[in-house]
Amino acid sequence: MKTPNRDLLVLVKHALDDNEAMERELNRLNGLLMDVETSATFSRVFEVIDCNKLKVFCDTKRIMQTISQGEKGFVFLCNKN
């Protein structure tokens, strides 16, 4: 698995002197995030509001297309939360 280039802030209760244990923990955390950060998961929590067409899109294909194309003017990516 390719290690992503990201910054993680990990707070631990006890200072770990064992760097190998910390590396294992970070690899597990990266693996967990890689499983969760997918386009299907992203499209479940966001929707596209297109004010030009007066429509709301919730399907994965349209959401990913909007992100990649960067549509212009009055097209919004809205979190369903």
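### Some points on the packing of aromatic side chains
- The full count for this structure, using the stated rule, is one aromatic pair.
- The cationic tip of Arg62 hangs over the ring face of Phe57; the distance from NZ or CZ to the ring centre is 4.6 Å.

### Let's talk about the pattern of salt bridges
- A full pass over the atoms with the stated rule returns two salt bridges.
- For Arg28, the salt bridge goes to Glu25, with nearest N and O atoms at 3.9 Å. Within this pair, Arg28 and its partner Glu25 are both found in helix α1 (residues 19-36), separated by three residues, close to a single helical turn.
- Since its relative accessible area comes to 42%, Glu25 is described here as partly exposed.
- Its salt-bridge partner being Arg62, residue Asp50 comes within 3.4 Å of it at the nearest N-O pair. In this pair, Asp50 is assigned in strand β1 (residues 46-50) and Arg62 in helix α3 (residues 60-69), connecting sequence segments twelve residues apart. Grouping residues by exposure puts Asp50 and Arg62 together as buried.

### Focus on the confidence of the model for the protein chain
- With 89% of its residues at a pLDDT of at least 70, the protein chain reaches an overall mean of 84.
- Put simply, α1 is where the protein chain has its lowest mean pLDDT, 85, and strand β2 (residues 55-57) is where it has its highest, 94.

### Here's the deal with the state of the cysteines
- In this structure the tally under the stated criterion is zero disulfides.
- Counting only cysteine sulfurs, Cys58 is the nearest neighbor of Cys78, a cysteine outside any disulfide, at a range of 9.8 Å.
- Overall, Cys78 belongs to the partly exposed group, its relative accessible area being 29%.

### A word on a nonpolar patch on the surface
- Nonpolar side chains collect at one region of the surface, where Leu8, Val10 and Val12 lie side by side and expose about 200 Å² of accessible area between them.
- Position of Val12 among the secondary structure elements: in the segment before α1.

### Some remarks on α3
- Taken together, the buried positions of α3 are occupied by Arg62, Ile63 and Thr66. Along the axis of α3, the buried residues cluster in a sector spanning 100°; they form a single face. Exposed side of α3, more than 90 degrees from the buried face: Lys61 and Ser68 are the residues found there.
- Packing partners of the buried residues in α3 comprise α2 (39-45), β1, β2 and β3 (75-79).
- In the segment just after α3, Gly70 is the residue with positive phi, at about 65°.

Cut-offs applied
Residues numbered from 1 in each chain as written. Predicted model: local features only at pLDDT ≥ 70, side-chain atom pairs only at ≥ 80, totals over all residues. Heavy atoms only, no water. Phe/Tyr/Trp six-rings, centres within 6.5 Å; stacked < 30°, edge-to-face > 60°. Lys NZ or Arg CZ within 6 Å of the ring centre and 35° of its normal. Salt bridge = Lys/Arg side-chain N within 4 Å of Asp/Glu carboxyl O. Helix = DSSP H or I, 4+ residues; strand = E, 2+ residues; numbered from the N terminus. Buried < 20%, exposed > 50% of the residue type's maximum accessible area, 1.4 Å probe, protein only. pLDDT = per-residue confidence, 0-100. Disulfide = S-S within 2.5 Å. Patch = residues over 30% accessible without salt bridge, like charges linked within 9 Å, V, L, I, M, F, W, Y side chains within 5 Å. Areas by Shrake-Rupley, 256 points an atom, 1.4 Å probe, with all protein chains shown as cover. Arc of directions from axis to C-beta. Contact = heavy atoms within 4.5 Å.

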